[in-house]
Amino acid sequence: MAKKENATVTIRQTGSPIRRKSDQRATLMGLGLNRMGRESTLEDTPAVRGMIAKVRHMVEVVEK
């Protein structure tokens, strides 16, 4: 199976972590997000995709 070279995903925080469960706040911090509108570019791995899925109501994937 061929491996993608430098596959990345850019995400932007669109929702506030106020009044959310602590594990969702920790997931946002793990993604490098902590304020509304902030963007983070990460390596596209299954672990990162799982984290995005967990907080999908507070983030969006940005196409560049």
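Residues numbered from 1 in each chain as written. Predicted model: local features only at pLDDT ≥ 70, side-chain atom pairs only at ≥ 80, totals over all residues. Heavy atoms only, no water.

1. Focus: helix α1 (residues 22-30)
Operational definition: Think of it in three bands: with a 1.4 Å probe and only protein chains considered, a residue is buried below 20% of the maximum accessible area for its type, exposed above 50%, and partly exposed in between. In this description a helix means any DSSP run of H or I spanning at least four residues, a strand means any run of E spanning at least two, and both kinds are numbered starting from the N terminus. In this description, one arc is meant: the one made by directions from the helix axis to the C-beta atoms. The contact criterion used is simple: two residues touch if any of their non-hydrogen atoms lie within 4.5 Å.
Among all positions in α1, only Gln24, Thr27 and Leu28 are buried. For α1, the angular spread of the buried residues around the axis is 100°, confining them to a single face. For α1, exposure combined with an orientation more than 90 degrees from the buried face picks out Ser22, Met29 and Gly30. Turning to α1, the residues buried within the fold contact β1 (8-13), α2 (46-54) and β3 (59-62). Looking one or two residues beyond α1, the residue adopting positive phi is glycine 32, at roughly 85°.

2. Overview of the nonpolar core
The tendency in soluble globular proteins is for nonpolar side chains to be buried side by side. Definition in use: Residues grouped as a nonpolar core are buried Ala, Val, Leu, Ile, Met, Phe, Trp, Tyr and Cys residues, joined through side-chain atoms within 4.5 Å.
Grouped together as the largest cluster of nonpolar side chains are ten residues: Val9, Ile11, Leu28, Leu31, Leu33, Val48, Ile52, Val55, Met58 and Val59. Elements with a contribution of two residues or more to this core: β1 and α2. Setting aside residues up to four positions removed in sequence, isoleucine 52 forms contacts with Val9, Ile11, Leu31 and Val59.

3. Things to note about the environment of lysine 54
Keep this limit in mind: Residues adjacent in sequence count toward polar contacts only when both atoms are side-chain atoms; beyond that, a polar contact is any pair of N or O atoms within 3.5 Å, and within protein one must be able to donate a hydrogen and the other to accept it.
One can find lysine 54 in helix α2. Note on lysine 54: relative accessible area 39%, which makes it partly exposed. Lysine 54 has contacts with Asp23, Gln24 and Thr27, leaving out every residue within four places of it along the chain. Among the polar contacts made by the side chain of lysine 54, one reaches the side chain of aspartate 23 at a distance of 3.1 Å.

4. Quick notes on the sheet that holds β3
Cut-off, in case you're wondering: At least two bridges found by DSSP between two strands are what make those strands a pair. Fitted lines through C-alpha atoms serve as axes, helices being fitted only where they are in contact, and the angles separating the N-to-C directions of these axes extend from 0 to 180 degrees.
Here we have three strands laid out as an open sheet, ordered β2-β1-β3, and antiparallel in their pairing. Two strands bound the open sheet, and with one partner strand each, they are β2 (39-43) and β3. Along the sheet, successive strands turn relative to each other by an average axial angle of 35°, direction set aside. Sheet topology note: the β1/β2 ladder contains five bridges and is antiparallel. What sits directly across from threonine 8, in β2, is glutamate 43.

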